[in-house]
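Structural characterization, general
Each chain, letter by letter, is given below.
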Amino acid sequence: MKKLKALIIIITGLALSSCFKDLDTVPLDPNLVTSGTVFNDETSYKKFLAKLYAGFAVSGQEGPSGQADISGIDEGFGQYLRGYWYHQELSTDEALIGWNDQTIYDFHDQDWTPSDGFIFAFYSRVFYQIPLVNEFLRETTDEKLDGRGVSGTLRQEIADYRAEARFIRALSYWHALDIFRNVPFVTEADKVGSFFPVQTNANDLFKYIEAELLDIESKIKAPRTNEYGRADRGAVWMLLAKLYLNAEVYTGQKKYTECLAACEKILNAGYTLEPKYANLFLADNHLSKEIIFPVTFDGLNTRTWGGMTFIIRAGIGGAINPLESGVSSGWGGSRCTKQLVEKFPADLTGIVTDFNPGKNYPKVYIPGSFQAIPFNGSDTKNALTSSKSNKIYEGYRYFAAANTEFVVLRNPSSTLGGKLGDNEGDGKLETNGANIKVSEPGLYYIKVDLNNNTYAIEKQTWSVVGDATAGGWNNDTPLTWNAELGYLTAKVDLNAGAIKFRANNDWAINLGDTGADGILEAGGDNIMITKSGGYEIRLDLENPDYTYQLRLTSFDQRGIFGTKGQKLDIDTREDIAVFTNGYAVLKFKNITSDGRTGSNVDFPDTDFPMFRLADAYLMAAEAILRGASGASKAKAVEYVNAVRTRAFTGTAGNVTESELTLDFILDERARELYWECHRRTDLVRFNKFTTGDYLWAWKGGVSQGQPVDPKYNVYPIPSADISANPNLKQNPGY
């Protein structure tokens, strides 16, 4: 249940600012609310906590705008998640935007400056969150609670709130570390009042965040026991894993063993992968047991022009129907580069076994009323074959209509001279005999023996059976005639195991594949299925050799793109401004898993999955590949394949140890986590963000991409803060 969402709009009128000289002063005007009076209401503790969480989702007290938290900054692009998304996605191969807003193009061009307004807006949100947490912690010390007479159950609840508040602060400080590195540093230990915060460095800030998380690990609620939307121990472990995975970037020290340990705690904590990938990004994704820590949204109670409103609506335009994503209209802004699209295979169907064309066996021909031109003897595809060249011919024909008629010809002829028919209907062939009649439609086995001028015809049904099927060896999965293809077909889910084909649900007539050469033999060996997934089975019984296809229909389900009216390539600079250049990303929707539209078509109900289980699997695998002790590469393969099995709805996409490399991990993270604010951090960690090792369209401001100055691996401290605080020094290169 989204209980916390209803609380984040309650804490209106509570003014908190580090510029106040003494926040404990009781005002002369009894209508004013300060931290010295607000906690006289015991429900205010949870309301204040809700405000801390709300800082990630909304930017003011009214929504979607009004009574802004920070004056002078647009509440749309100044919202926390939207700003974070700009920094983590627009600067990478996963996203670009067509708007000509201020310096927005500088993100994808990777040529931003310290005076950039978007950078200042996000920096300001981070350093709004942190003092807010500091103030909550100051007001919930044992001394303050004793003074207010707080005890019992509320006292314990406040202890839980404090642990969560510290997590929120650690998360914001991690964002500051990852994006800005050397930032001003304040905690609740700093006295309230006007002062210039000191500047920390990456090493010290890393140690602080780590120490905070380790301290609250045992104090915060156990995994999956807190209200939805609130942090628990799983969220703490995820943030620790993130911190450790990137430790070498931040501090030069490898912490991959520690990363793996944190990930394994998550993997054993009761979270489960959402069975259907797309459901993670819908309006009822709060039901998922995969999401570890979300930023929650609600179309009625958390309205914002940032957050999921921006992510969903900015990615819709052109011929793409916004109603299919559950919103009233699109904003025609965000798309992806072709490099992201190309990470998903273009050919989504793999042929496991192809048809064998067979040999040039002797034939007789069976023209009849079932042909487009009735009794066209020159249509040589209607033939029976003698695979042993012994004058015994056989094959299958599907007759769609009742009372179908045919004859037998030794040689194709349009005149039907010398036709063989059956005057008595007794199975004996006579020259110029009567047409052979089949009373019922269906698939028929036909055998002609010219040694004694006899024939046999039998209606048959065919099926697939085996332990690779859901029914096992005793329950048949029927094959049906596909008139367009001219084969028997079935679409089934198969597991690793074996199958065979059989007629009439009986073993008297069965086909297997001895030699695994694609040719079926009567009573042949089992056909082995090595990868589970969805398959289309095609059985060709037209002529011996009988052959089959197993077409793998399992494919990577994660590439959720809008292509209608869209062009993949963005050729010119001017094309960036045209939404129809570049594929749209339709991953997030304001639609529930059962197809209902969210509560509001302007503001989505969809939550943003800041941390989720699949990321833990991939982080664990990467940590192992980077040298973490305590696990083998086989375990890394297991972790990656857990994610890919969900993506492919089976093991069709599973990889082997030889295929699993760090570059594969980087691409897999893009396939699994695109548009979820991980990409810039990942590319920096792999040394591909600014270098020439990996280029994407319009990186560095040119169509084919180019390397840029490595200073752009870190964003600058905004000029406004550098000017205001003499303790701050700008990041190198800016």
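Basis of the calculations
- Residues numbered from 1 in each chain as written.
- Predicted model: local features only at pLDDT ≥ 70, side-chain atom pairs only at ≥ 80, totals over all residues.
- Heavy atoms only, no water.
- pLDDT = per-residue confidence, 0-100.
- Contact = heavy atoms within 4.5 Å.
- Phe/Tyr/Trp six-rings, centres within 6.5 Å; stacked < 30°, edge-to-face > 60°.
- Helix = DSSP H or I, 4+ residues; strand = E, 2+ residues; numbered from the N terminus.
- Buried < 20%, exposed > 50% of the residue type's maximum accessible area, 1.4 Å probe, protein only.
- Axes fitted to C-alpha atoms, helices over the stretch in contact; angles between N-to-C directions.
- Parallel < 35°, antiparallel > 145°, perpendicular 65-115°, else oblique.
- Left-handed = near helix turned anticlockwise from the far one by under 90°.
- Nonpolar A, V, L, I, M, F, W, Y, C, P; charged D, E, K, R; others polar.

This next bit is on the confidence of the model for the protein chain. The share of residues in the protein chain with pLDDT of 70 or more is 93%, and the mean pLDDT across the chain is 91. Here residues 1-32 is modelled with pLDDT under 50, and outside its nearest four sequence neighbours on either side it reaches 67 contacts, counting other chains as well. Here residues 347-354 is modelled with pLDDT under 50, and outside its nearest four sequence neighbours on either side it reaches 18 contacts, counting other chains as well.

For the coordinates displayed, the defined rule picks out 50 aromatic pairs. An angle of 40° between the planes, with centres 6.1 Å apart, marks the rings of Trp473 and Trp507 as tilted. Taken together, the positions of Trp473 in strand 17 (residues 472-478) and Trp507 in the loop between strand 20 (497-503) and strand 21 (510-512) put the pair 34 residues apart, joining distant regions of the chain. For Trp507, a relative accessible area of 38% corresponds to the partly exposed category. A ring pair is formed by Tyr712 and Tyr734, whose centres lie 5.9 Å apart and whose planes are at 80°; its orientation type is edge-to-face. Of this pair, Tyr712 sits in the loop between helix 16 (679-685) and helix 17 (719-724) while Tyr734 sits in the segment after helix 17; the two residues are 22 residues apart in sequence, bridging distant segments of the chain. Among the residues examined, Tyr712 registers a relative accessible area of 10% and is labelled buried. Take Tyr734: its relative accessible area is 22%, and that puts it in the partly exposed class.

The next point concerns the packing of helix 1 (residues 44-54) against helix 6 (residues 152-180). The relative placement of two packed helices is expressed as an angle between their axes plus a distance between the axes. The N-to-C vectors of helix 1 and helix 6 enclose an angle of 15°; their axes lie 10 Å apart at closest approach. Classified by the angle their axes make, helix 1 and helix 6 are roughly parallel. The handedness of the crossing between helix 1 and helix 6 is left-handed. Across the interface between the two elements, Tyr45, Lys46, Leu49, Leu52 and Tyr53 from helix 1 touch Leu154, Ile158, Tyr161, Glu164, Ala165 and Ile168 from helix 6. Class assignment of the residues belonging to the contact of helix 1 with helix 6 gives a composition of nine nonpolar, no polar and two charged.

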